[in-house]
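Here are the chains, one letter per residue:
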Amino acid sequence: MSNQALKSVLTVEEYLHYEELSNIRHEYIKGQVYAMSGGSQEHDLISVNIITGLKNQLRGSGCRVFSGNMKVRIKQLDLFYYPDVSISCNPQDRQKYFLDSPCLIFEVLSPSTERIDRHEKLINYRELDSLQEYVLVSQTEKKVEVYRRGDRPCDWSLATFLQNDIVEFQSLGLQLSLSDIYDEVEL
């Protein structure tokens, strides 16, 4: 992405092209690109545990689980983010490098991203008509927060799960125990 320094604002097409060639990931916000930092061992274990648990439950459903290497586009806001885990059940959601219609998005909180995940991304992800649940997962304590879309687009509720709870993802009828999410993670 070093050629990007020659131009301060990129088009979506330029961003997608450079991102294919780059060995680091960048999020795209209205023409500006921001390098993604690497995650901790705990962060990666939590993500893998979520992907593994959900993939097994979704087998044969037509829904697909993606890791933090798949971008999510919020077209109306001119944004691309890399959530830690995302799920799409839309058969038309087949772009090679990004999803347009995820129904479930997970962000594993880290000290450097927590403020953005809790505020900016929470607000922006809600612009996706397809999104039913947005999940924030702590990597410092056994705690999962699930924001759920209500009957009206502007109605969202929050459910918090702690310690040995079973987290319910109502939009897809899925469950994961906090023990499974935090398997092999030292807190």
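Structural notes, computed from the coordinates. (Residues numbered from 1 in each chain as written. Predicted model: local features only at pLDDT ≥ 70, side-chain atom pairs only at ≥ 80, totals over all residues. Heavy atoms only, no water.)

Quick word on the sheet that holds strand S1 (residues 26–29)
No. 1: Pairing is mixed across the open sheet formed by five strands, whose spatial order is S2-S1-S5-S4-S7. Single-partner strands in this sheet number two, and they are strand S2 (32–35) and strand S7 (98–99).
No. 2: As paired elements, S1 and S2 share four bridges and run antiparallel to each other. Looking at the pairing, Glu 27 lines up with Tyr 34 of S2.
No. 3: Across the face of the sheet, helix H1 (residues 12–21) comes into contact with S1, S2, strand S4 (71–74), strand S5 (79–81) and S7 while running at roughly 180 degrees to S1.
No. 4: Running at roughly 120 degrees to S5, helix H3 (residues 114–125) makes contact with S1, S4 and S5 of the sheet. (Pairing = 2+ DSSP bridges. Helix = DSSP H or I, 4+ residues; strand = E, 2+ residues; numbered from the N terminus. Contact = heavy atoms within 4.5 Å. Axes fitted to C-alpha atoms, helices over the stretch in contact; angles between N-to-C directions.)

A closer look at the state of the cysteines
No. 1: Within the structure shown, the criterion is met by one disulfide.
No. 2: Residue Cys 63 pairs covalently with Cys 89 via a disulfide, S to S 1.9 Å. Here the disulfide of Cys 63 and Cys 89 is right-handed, its torsion about the S-S bond being about 110 degrees. With Cys 63 in the loop between helix H2 (41–58) and strand S3 (64–66) and Cys 89 in the loop between strand S6 (85–88) and S7, this pair connects stretches of sequence that are 26 residues apart.
No. 3: Judged by its relative accessible area of 16%, Cys 63 falls in the buried class.
No. 4: Classification of Cys 89 by relative accessible area gives partly exposed; the value is 27%.
No. 5: As a non-bridged cysteine, Cys 103 has Cys 89 as the owner of its nearest cysteine sulfur, 3.8 Å distant.
No. 6: Classification of Cys 103 as buried rests on a relative accessible area of 9%. (Disulfide = S-S within 2.5 Å. Buried < 20%, exposed > 50% of the residue type's maximum accessible area, 1.4 Å probe, protein only.)

Describing the packing of aromatic side chains
Where two aromatic rings form a pair, the distance of their centres and the angle of their planes describe that pair.
No. 1: Inspection of the entire model under this criterion finds eight aromatic pairs.
No. 2: Look at Phe 106 and Phe 169: their rings are 5.3 Å apart centre to centre, the planes differ by 70 degrees, and that puts the pair in the edge-to-face class. Residue Phe 106 is located in strand S8 (residues 102–108), and its partner Phe 169 is located in strand S12 (residues 166–169); the two are separated by 63 residues in the primary sequence. As far as burial versus exposure is concerned, Phe 106 and Phe 169 are alike and both buried.
No. 3: Between the aromatic rings of Tyr 125 and Tyr 134, the centroid separation amounts to 5.2 Å while the plane-to-plane angle is 50 degrees, which identifies the pairing as tilted. You'll find Tyr 125 and Tyr 134 in the same group, each marked buried.
No. 4: Each member of the aromatic cluster is reached from another via a ring pair, and the members are Tyr 15, Tyr 28, Phe 80 and Phe 98.
No. 5: The aromatic ring of Tyr 82 is capped on one face by Arg 25, whose charged end is 4.9 Å from the ring centroid. (Phe/Tyr/Trp six-rings, centres within 6.5 Å; stacked < 30°, edge-to-face > 60°. Lys NZ or Arg CZ within 6 Å of the ring centre and 35° of its normal.)

Here we look at the sheet that holds S8
No. 1: Spatial ordering of the open sheet is given by S3-S6-S8-S9-S10-S11, a layout of six strands whose pairing is mixed. If you trace the sheet from one side to the other, it starts and ends with S3 and strand S11 (156–162), each paired once. When the angles between neighbouring strand axes are averaged without regard to direction, this sheet yields 15 degrees.
No. 2: For S6 and S8, the ladder comprises four bridges, and the chain directions are antiparallel. Directly across from Ser 86, in S8, lies its bridge partner Ile 105.

Here we look at the side chain of Glu 27
No. 1: In this fold, Glu 27 is placed in strand S1.
No. 2: A distance of 2.9 Å separates a polar side-chain atom of Glu 27 from the backbone nitrogen of Tyr 82.
No. 3: With sequence-adjacent residues up to four places away left out, Glu 27 is seen in contact with Tyr 15, Gln 32, Val 33, Tyr 34, Met 36, Phe 80, Tyr 81, Tyr 82 and Lys 121. (Polar contact = N/O pair within 3.5 Å; in protein donor to acceptor, adjacent residues only side chain to side chain.)

Quick word on the side chain of Glu 107
No. 1: Counting through the fold element by element, Glu 107 comes out in strand S8.
No. 2: Taking relative accessible area as the criterion, Glu 107 reaches 3% and is therefore assigned buried.
No. 3: Side-chain polar atoms of Glu 107 contact the side chain of Lys 121, separated by 3.4 Å.
No. 4: In this structure Glu 107 touches Tyr 82, Pro 83, Asp 84, Asp 117, Lys 121, Tyr 125, Tyr 134, Val 135, Leu 136 and Val 137, once residues within four positions along its chain are discounted.

So yeah, pure geometry; function would need other evidence.
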